[in-house]
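Summary of structural features
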Amino acid sequence: MSENTQSPRKPRVAVVFGGRSSEHAISVVTAGAVLSAIDRDKYDVLPIGITKDGRWALTADAPERMAIADRKLPDVSDLAESEQGGVVLPVDPSSREVVLTEPGQVPRALGEVDVVFPVLHGPYGEDGTLQGLLELSGIPYVGAGVLASAVGQDKEYMKRVFVSFGLPVGPYEVIRPREWEQNPAAARKKIVEFAAEHGWPLFVKPARGGSSMGITKVDDLSGLDEAVEEARRHDPKILVESLLRGREIECGVLEFEDGPRASVPAEIPPVTDHDFYDFEAKYIDSASGIVPAPIGDEATAEVQRLAVAAYEAVSCEGLVRADFFLTEDGDFVINEINTMPGFTPISMYPRMWQESGVSYPELVDRLVQAALTRSTGLR
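Below: a short report on this structure. As the structure is a computational prediction, the values presented were derived from the model and not from experiment.

**Description of the side chain of threonine 59**
Along the chain, threonine 59 falls in the loop between strand E3 (56–58) and strand E4 (86–88). When its relative accessible area of 3% is taken as the criterion, threonine 59 is described as buried. Once you skip the residues sitting within four places of it in the chain, threonine 59 turns out to touch Phe17, Pro47, Ile48, Gly49, Val76, Leu79, Ala80 and Glu81.

Laid out in C-alpha cells, this is it:
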C-alpha cells in the first residue's frame, strides 16, 4: 500500500488593503511592500483590495503597480480584476472559505484563509471595524484587536488612556461635531482660550486620522476656521494641540515569543521645505529619518521603555509605532501610537527594525506567525 506523500497545505494569507479612508493610497503602497516581502515558499497569498466606496475586490498580485509613481497615488480600482462583484468573507466561524461573487455568475470559491494581514490605515480598517468583522468570522489577523485598534485610532481616548497609565502627554483640546455644528462661536472661543493658555501656534487635526492628512499648523486666529474645516473634511471630531518644542522621536514595538520589545528609536529631523512633517514630506518628497536616533543611551532606554508601556496600556498586539517629542528639558512626551504603521519602503517602522536586526521579510513573517498562534475571541 502506497503512502500519501502529499505535502501539507501552506498557510494562506489574505493581504487586505485600500479602504474608504483618506489614507487609501498609502494603504495600497504598504500592501505593495508587504506583498513583495512575504515568503511565497512559506505562504500562499491572496490580495484583496477595498475600493474607496467599500467594495471588496480581488486584485492583481502586482506590487510594482502599487507604488507612488511620478507623484501619482495608487488606487485599488486600478488593480481590481473586475469592476463589479466582490469578495465575501464568511460570517460563520466554522468556515474560513472566501467567495468571489459577480453579477450573473455562480459564486466562485477562492479557498480558505488562515490569517488576514490588514494593512488598512485610518477609519474603516485600522479603527476596530475590520477587526470586529474578522472576530465574527473567526479568522486570525495581524495586529491589534478591536479595543486597541479603536483606542489607537481615536487620539482623544488614546491620550485619556495614556494619562490613566501615567504616561506623559502634551496639552490638547477636543472639539466634538455638535460643538462646531451648533455653536461655532463657542467652539472657536474654546480654542482661543486654549491658545491663550498654551500659546500659538496650534495644530488642528482630525481626531481619528493618520498619515498627517488634514493637519494644519495655525499661527493665529485668522487661519483657525479654515484649519478646522480642513480637519473636518477627514473627521467631524477634531483635536487641537499646542506646539511642543523639541525633537521628534519614534520607536517601534514588535511582539516576540517572550513579549513585546522595542526597536532602536529614530529621529525625524526638521523639514526645510514644509511647515511640519506633513503628508507631502512623508510620502511624496521622501523626507528621511535618522536611524538610530542620536539621543544617547539613557534617552534611548527611556523612550524604549515608554514605547512598550504605551503598547501595554492600550492592550496592543503584534506591533505598534509610538511617536514622541523629546523636549528641550530632556523629557519625553508621547504624541500618539499607530497600531498599523506604514510599511512603505521609506516608512520608519521597518527601518527601525532593520537597524535593530530584524529584516523586512523577517518582520512580515514574525507578524504573520504571531497572528497564526493567536486565537480570535476573548484572550
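**Considerations on helix H10 (residues 348–355)**
Looking at H10, one finds that the buried residues are Met348, Tyr349, Pro350, Met352 and Trp353. Summarising the contacts, the buried residues of H10 are in contact with strand E12 (246–256), strand E13 (259–262), strand E14 (266–268), strand E15 (319–327) and helix H11 (360–372). In the stretch just after H10, glycine 357 is the one whose phi turns positive, near 100 degrees.

**Overview of the pattern of salt bridges**
When their charged atoms lie close together, side chains carrying opposite charge are able to pair. Within the structure shown, the criterion is met by 32 salt bridges. Aspartate 75 serves as the salt-bridge partner of lysine 52, at 3.2 Å between the closest nitrogen and oxygen. With lysine 52 in the loop between strand E2 (44–50) and E3 and aspartate 75 in the loop between E3 and E4, this residue pair connects regions lying 23 residues apart in the sequence. Between glutamate 250 and arginine 321 there is a salt bridge; the shortest N-O distance is 3.5 Å. Of this pair, glutamate 250 sits in strand E12 while arginine 321 sits in strand E15, and the two are 71 residues apart along the sequence.

**Looking at the sheet that holds strand E11 (residues 238–242)**
Backbone hydrogen bonds are what pair the strands of a sheet, in a parallel or an antiparallel way. Strand order in the open sheet formed by 4 strands is E8-E11-E9-E10, with antiparallel pairing between adjacent strands. Each edge of the open sheet carries a strand with a single partner, namely strand E8 (172–175) and strand E10 (216–218). Neighbour-to-neighbour, the strand axes of the sheet open up by a mean angle of 25 degrees, direction not taken into account. Helix H6 (residues 184–198) rests against E8, strand E9 (202–206) and E11 of the sheet, and its axis sits at about 175 degrees to E8.

**Concerning empty space enclosed by the protein**
Enumeration over the complete set of coordinates arrives at 2 cavities of 30 Å³ or more. As a volume, the largest cavity reaches approximately 60 Å³. Each residue belonging to the lining of the largest cavity can be placed in one class, and the counts come to 5 nonpolar, 5 polar and 1 charged. One number sums up the size of the second largest cavity: a volume of about 40 Å³. Contributing to the lining of the second largest cavity are Pro140, Tyr141, Ala371, Arg374, Ser375, Thr376 and Arg379.

**Concerning the side chain of lysine 237**
Structurally, the position occupied by lysine 237 is in the loop between helix H7 (224–232) and E11. Note on lysine 237: relative accessible area 4%, which makes it buried. Within the local environment of lysine 237, its side chain forms a polar contact with the side chain of aspartate 154, the two groups lying 2.9 Å apart. Ignoring sequence-local partners within four residues, the contact set of lysine 237 consists of Asp154, Glu156, Tyr157, Val174, Ile175, Arg176, Pro177, Pro206, Ala207 and Arg208.

**Some details on unusual backbone geometry**
Residue tryptophan 200 is joined to proline 201 through a cis peptide bond whose omega torsion reads 0 degrees. Within the fold, proline 201 resides in the loop between H6 and E9. A cis amide bond links valine 291 with the next residue in sequence, proline 292, at an omega value of -5 degrees. Summarising the element assignment, proline 292 is placed in the loop between helix H8 (279–284) and helix H9 (297–313). The phi dihedral of tyrosine 124 is positive, around 65 degrees, even though this residue is not glycine. Summarising the element assignment, tyrosine 124 is placed in the loop between strand E7 (115–118) and helix H2 (129–137). Look at tyrosine 124 and you get partly exposed, because its relative accessible area is 42%. Within the chain, serine 315 stands out as a residue other than glycine whose phi angle is a positive 60 degrees. Tracing the chain through its elements places serine 315 in the loop between H9 and E15.

**Topic: the packing of helix H3 (residues 146–153) against helix H4 (residues 155–164)**
Relative to each other, H3 and H4 sit at 105 degrees, their axes nearing to 5 Å. In terms of orientation, H3 lies roughly perpendicular with respect to H4. Across the interface between the two elements, Val151, Gly152 and Gln153 of H3 pack against Lys155, Tyr157, Met158 and Val161 of H4.

Conventions used here
- Residues numbered from 1 in each chain as written.
- Predicted model: local features only at pLDDT ≥ 70, side-chain atom pairs only at ≥ 80, totals over all residues.
- Heavy atoms only, no water.
- Helix = DSSP H or I, 4+ residues; strand = E, 2+ residues; numbered from the N terminus.
- Buried < 20%, exposed > 50% of the residue type's maximum accessible area, 1.4 Å probe, protein only.
- Contact = heavy atoms within 4.5 Å.
- Salt bridge = Lys/Arg side-chain N within 4 Å of Asp/Glu carboxyl O.
- Pairing = 2+ DSSP bridges.
- Axes fitted to C-alpha atoms, helices over the stretch in contact; angles between N-to-C directions.
- 1 Å grid on protein atoms, 1.4 Å probe; cavity = no way out; pocket = protein on both sides within 12 Å on 5 of 7 lines; lining within 4 Å.
- Points joined across faces, edges and corners; volume = space filled by probe spheres on them.
- Nonpolar A, V, L, I, M, F, W, Y, C, P; charged D, E, K, R; others polar.
- Polar contact = N/O pair within 3.5 Å; in protein donor to acceptor, adjacent residues only side chain to side chain.
- Parallel < 35°, antiparallel > 145°, perpendicular 65-115°, else oblique.

Treat this as a map of the structure, not an account of what it does.
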